[in-house]
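Structure at a glance
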2 protein chains.
Amino acid sequence: MPTRDMPALDFWFDFASTYSYPAAMRIAPLAATAGVTVRFRPFLLGPIFKAQGWDTSPFNLYPAKGRYMWRDLERLCADLGLPFRQPEPFPQPSLLAARVALVGLAEGWGEEFCRAVFRTEFSEASRIDDVATIAQLLIPFGAAPDDVLAKARSEPIKARLRDETQAAQQLGVFGAPSFVTADGELFWGNDRLEHAVAWAARAGH
Amino acid sequence: MPTRDMPALDFWFDFASTYSYPAAMRIAPLAATAGVTVRFRPFLLGPIFKAQGWDTSPFNLYPAKGRYMWRDLERLCADLGLPFRQPEPFPQPSLLAARVALVGLAEGWGEEFCRAVFRTEFSEASRIDDVATIAQLLIPFGAAPDDVLAKARSEPIKARLRDETQAAQQLGVFGAPSFVTADGELFWGNDRLEHAVAWAARAGH
């Protein structure tokens, strides 16, 4: 959570979103250097895509765009030194991971968990909708997987994720990753991360 | 045209495309610094969008994306020191400007004409489908507007533009601006221009 002393930046992402992977791996050090506090805000793109008339990722609906994205992401990850392997299937159902992340973000291990999910999904090609995979990722945090999974399936967390998705939509979010500054500026895409951090740093002082 | 001594980069753009404006204004000095020769290759996005089932710009079809794009472009142009005004209507019919550009690119004044079209469209909000506007833009090049316009309406130029659009599609181009290196790497978007120039420079040596 942001402190009153530091400018804040909300990082909106869906675990299924390809360009959210490099953004999630890059945002913490970039923001720290700029004196900006980041809030990780997982949400679901599905309902927002549905409102646009899409029943899957636009990268599947538009094959030329999809082919380009995979190649672009591969190049990008190579430049950043991030391991990369194309997830199968794509997009991965991200509901479970998003709910667990909300539990973790309230308990202090959320950000590290988010990075672990992205890493396993995009570099080991594990399925993030697999309960055993998620339980495995929880081990380093000393959280009892059964307790966490029970909380993740509880009504308050389910409602929280729906509310967050609605909040994203109301902020004008139409894709992921997106970044929103305290003064309401929206930035879309991993390639706008530096701009968003710089804007947040300026706006906060 | 590229020389045999310099690596080449094809710059594919549609005059109606918003992010093609900053790309067109930035590409020449970036490429020159990197020792890369640029070929300006105007084409029409319309037929490519139609093949994807769109009858207008996705920025009109998806309002949240459209609102974001205008704000993003405004911020971007401010950062670059480029004047900016939203064209009305959007997208502008770009057929006439593209045909005239093909005439100019064969006669040596094409690149400067392309920049003049983008400047007038995105900073003065003139209509680029207006013959008088295009004729006005031709004056500095010492080309007789009537001759140029007659050539632009000739069968060979019409066919050339259709062929170029088809060539773009075959290269995997699905939006503009796009950049294609001599070894076939595709980069999409103004924010990939630096990557594309760097790739072309590496690939050529």
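Scroll up to find the structure.
Counting restarts for each chain, with residues numbered from 1 along the sequence as it is written. Written order determines the labels here, with chains lettered from A and ligands numbered from 1. Local features in a predicted model are, by the rule used here, given only for residues with pLDDT of at least 70; side-chain atom pairs are given and counted only at 80 or more, and totals for whole chains, interfaces and linings are based on all residues. Side-chain figures throughout are based on the complete set of non-hydrogen atoms in the structure, without hydrogens or water.

1. A few points about the overall build of chain A
- When you go through chain A residue by residue, the secondary structure sums to ten helices and four strands.
- Counting from the N terminus, the helices are DSSP H or I runs at least four residues long and the strands are E runs at least two residues long. Starting at the N terminus and ending at the C terminus, chain A contains elements arranged as β-α-β-α-α-α-α-α-α-α-α-β-β-α.
- Atoms counted for the radius of gyration: C-alpha only. Globule rule: 2.2 Å times residue count to the power 0.38. In terms of C-alpha radius of gyration, chain A reaches 16 Å, essentially the compact-globule figure of 17 Å for 205 residues.
- On the principal axes, the C-alpha backbone points of chain A span a range of 45 × 45 × 35 Å.

2. Concerning unusual backbone geometry
- The step from A:Glu88 to A:Pro89 runs through a cis peptide bond, and the omega angle for that step is 0°.
- Looking at the element boundaries, A:Pro89 is found in the loop between helix H4 (63-80) and helix H5 (95-107).
- Between A:Ala176 and A:Pro177 the backbone carries a cis peptide bond, its omega angle lying at 0°.
- The backbone of B:Ala125 shows a phi angle near 55°, a positive value even though the residue is not glycine.
- Within the secondary structure, B:Ala125 is located in the loop between helix H6 (110-123) and helix H7 (131-138).

3. Section: the sheet that holds strand E2 (residues 37-42) of chain A
Residue and element names in this part refer to chain A.
- One open sheet holds the four strands; their spatial order is E2-E1-E3-E4, and the pairing between them is mixed. Among the strands making up the open sheet, the edge pair consists of E2 and strand E4 (186-188). Shown here is a sheet whose adjacent strand axes are inclined to one another by a mean of 20°, direction ignored.
- Strands are labelled as partners when DSSP assigns at least two bridges between them. When strand E3 (residues 178-181) meets E4, the two strands line up antiparallel, connected through three bridges. Note that in E4 the partner of Val180 across the bridge is Leu186.
- This element, helix H1 (residues 20-34), spans strand E1 (8-13), E2 and E3 of the sheet and lies at about 165° to E1. To obtain an axis, a line is fitted to C-alpha atoms, over the contacting stretch when the element is a helix, and the angle between two such axes runs from 0 to 180 degrees between their N-to-C directions. Contact between two residues is taken to exist if any of their heavy atoms lie within 4.5 Å; hydrogens are not considered.

4. What about the packing of H5(A) against helix H9 (residues 155-170) of chain A?
Residue and element names in this part refer to chain A.
- At a minimum axis separation of 10 Å, H5 and H9 run at an interaxial angle of 105°. Here H5 is positioned roughly perpendicular relative to H9, judged by the angle of their axes. In this structure, H5 uses Leu95, Ala98, Arg99, Leu102 and Val103 to contact H9, whose residues at the interface are Ile157, Lys158, Arg160 and Leu161.
- Class assignment for the residues of the contact of H5 with H9 results in six nonpolar, no polar and three charged. The labels follow the angle: roughly parallel below 35 degrees, roughly antiparallel above 145, roughly perpendicular from 65 to 115, and oblique for the rest. Throughout, the ten residues Ala, Val, Leu, Ile, Met, Phe, Trp, Tyr, Cys and Pro are labelled nonpolar, Asp, Glu, Lys and Arg are labelled charged, and all others, Gly among them, are labelled polar.

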